[in-house]
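Now for the letters of each chain:
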Amino acid sequence: MEKKPYVLPELGYGYKDLEPWISEAQLQLHHQKHHAAYVKGANAILETLDKNRQDGVDGDAKALAKAFSFNAAGLLLHALFWENLAPAANTTAKPTGKFATLIDNEFGSFERFKKEFSQTAASAEGSGWSALVYCRQTNRPLLMQIEKHNTNVIPMFRVLLVLDVWEHAYYLDYKNDRAKYVEAFWNIVNWQEVDNRLGAILK
Ligand code: MN
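Residues numbered from 1 in each chain as written. Predicted model: local features only at pLDDT ≥ 70, side-chain atom pairs only at ≥ 80, totals over all residues. Heavy atoms only, no water.

1. What to know about the packing of helix α3 (residues 97-107) against helix α7 (residues 191-202)
Consideration 1: At their nearest, the axes of α3 and α7 sit 7 Å apart, and the two run at 85 degrees to each other. One way to sum up the angle between α3 and α7 is to call them roughly perpendicular. Residues Gly97, Lys98, Phe99 and Leu102 of α3 form the contact with α7, whose participating residues are Trp191, Val194, Asp195, Leu198 and Leu202.
Consideration 2: When grouped by side-chain class, the residues that make up the contact of α3 with α7 number six nonpolar, one polar and two charged. (Axes fitted to C-alpha atoms, helices over the stretch in contact; angles between N-to-C directions. Helix = DSSP H or I, 4+ residues; strand = E, 2+ residues; numbered from the N terminus. Parallel < 35°, antiparallel > 145°, perpendicular 65-115°, else oblique. Contact = heavy atoms within 4.5 Å. Nonpolar A, V, L, I, M, F, W, Y, C, P; charged D, E, K, R; others polar.)

Here's what the structure looks like:
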């Protein structure tokens, strides 16, 4: 099998399509500059590893593995994030399908889930993510905070929904008002995709 580099995935919608919640300029910058930088970063590390192995040179194993984990998690999380967003006109206001039942069983109501997820996002220190994952050991959806991009995504925990709360995700539109951005996020969640992810996990 031929080795392939990482590629920046295309969005499933246009840069303008998440307006007014995320502006064209903000989305374009986030995708084409920030997300692209993690793709480029991960590929550069793979090239360095290849070269070191070819030349029989010892690299800085700690620095390389750390940087790879940062960039690879960054590109993975952004891909998941874009896919769990949708233009407001194409999505429902609330969860649907099995996912809706899962949320009600765990949190009592959608409103309660929304509040806890928003609090998780608001309280992430510095740059990070709010994530709803599904734990296959306990059969429960769980809220997690991800620092920077270095995830706690291990096979037991599968990502259902993520929200990027790095300042680069919202500073053009909301300046430093993260809470306003988090509130806007609820208008453009692709609940169908979230329910599909749950379906794939439970299969
Ligand atoms: Mn980001």
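2. Quick look at the pattern of salt bridges
Consideration 1: Across all of its chains, the model carries six salt bridges by this definition.
Consideration 2: Between Arg140 and Glu106 there is a salt bridge, with its nearest N and O atoms 2.7 Å apart. With a gap of 34 residues between them, Arg140 in strand β2 (residues 140-147) and Glu106 in helix α3 connect regions that are remote in the sequence.
Consideration 3: Here Glu106 falls in the partly exposed class, since its relative accessible area comes to 25%.
Consideration 4: Among the ionic pairs, Arg112 bridges to Glu116, the shortest N-O distance being 2.8 Å. In this pair, Arg112 and Glu116 both sit in helix α4 (residues 110-122), four residues apart, roughly one turn of the helix.
Consideration 5: Residue Arg112 is classed as partly exposed on the basis of its relative accessible area of 42%.
Consideration 6: For Glu116, a relative accessible area of 24% corresponds to the partly exposed category. (Salt bridge = Lys/Arg side-chain N within 4 Å of Asp/Glu carboxyl O. Buried < 20%, exposed > 50% of the residue type's maximum accessible area, 1.4 Å probe, protein only.)

3. Overview of the coordination of the manganese ion
Consideration 1: At 1.9 to 2.2 Å from the manganese ion lie its protein donor atoms, namely His30 (NE2), His78 (NE2), Asp164 (OD) and His168 (NE2).
Consideration 2: Each donor residue of the manganese ion belongs to the same chain, with the gaps between them written as H-x47-H-x85-D-x3-H. Taken together, the positions of His78 in helix α2 (residues 61-83) and Asp164 in strand β3 (residues 157-164) put the pair 86 residues apart, joining distant regions of the chain. The pair His78 / Asp164 is uniform in exposure class, with both members buried. (Donors = N, O, S within 2.8 Å, 3.2 Å for Na, K, Ca; no water.)

4. A short note on the side chain of Asn52
Consideration 1: Inspection of the secondary structure puts Asn52 in helix α1 (residues 24-55).
Consideration 2: Apart from the residues lying within four places of it in its own chain, the contact partners of Asn52 are Val57, Gly59 and Leu64.

5. A closer look at α1
Consideration 1: Here α1 spans 45 Å end to end across 32 residues, near enough to the 46 Å set by a 1.5 Å rise per residue.
Consideration 2: Within α1, the axis deviates most sharply at Ala36, by approximately 30 degrees.
Consideration 3: Trailing α1 by a residue or two, Gly56 shows a phi angle of about 65 degrees, which is positive. (Expected span 1.5 Å × (residues − 1). Bend = angle between axes of the 7 residues up to and from the residue.)

From the geometry alone we can't say anything about function, so treat these as descriptive.
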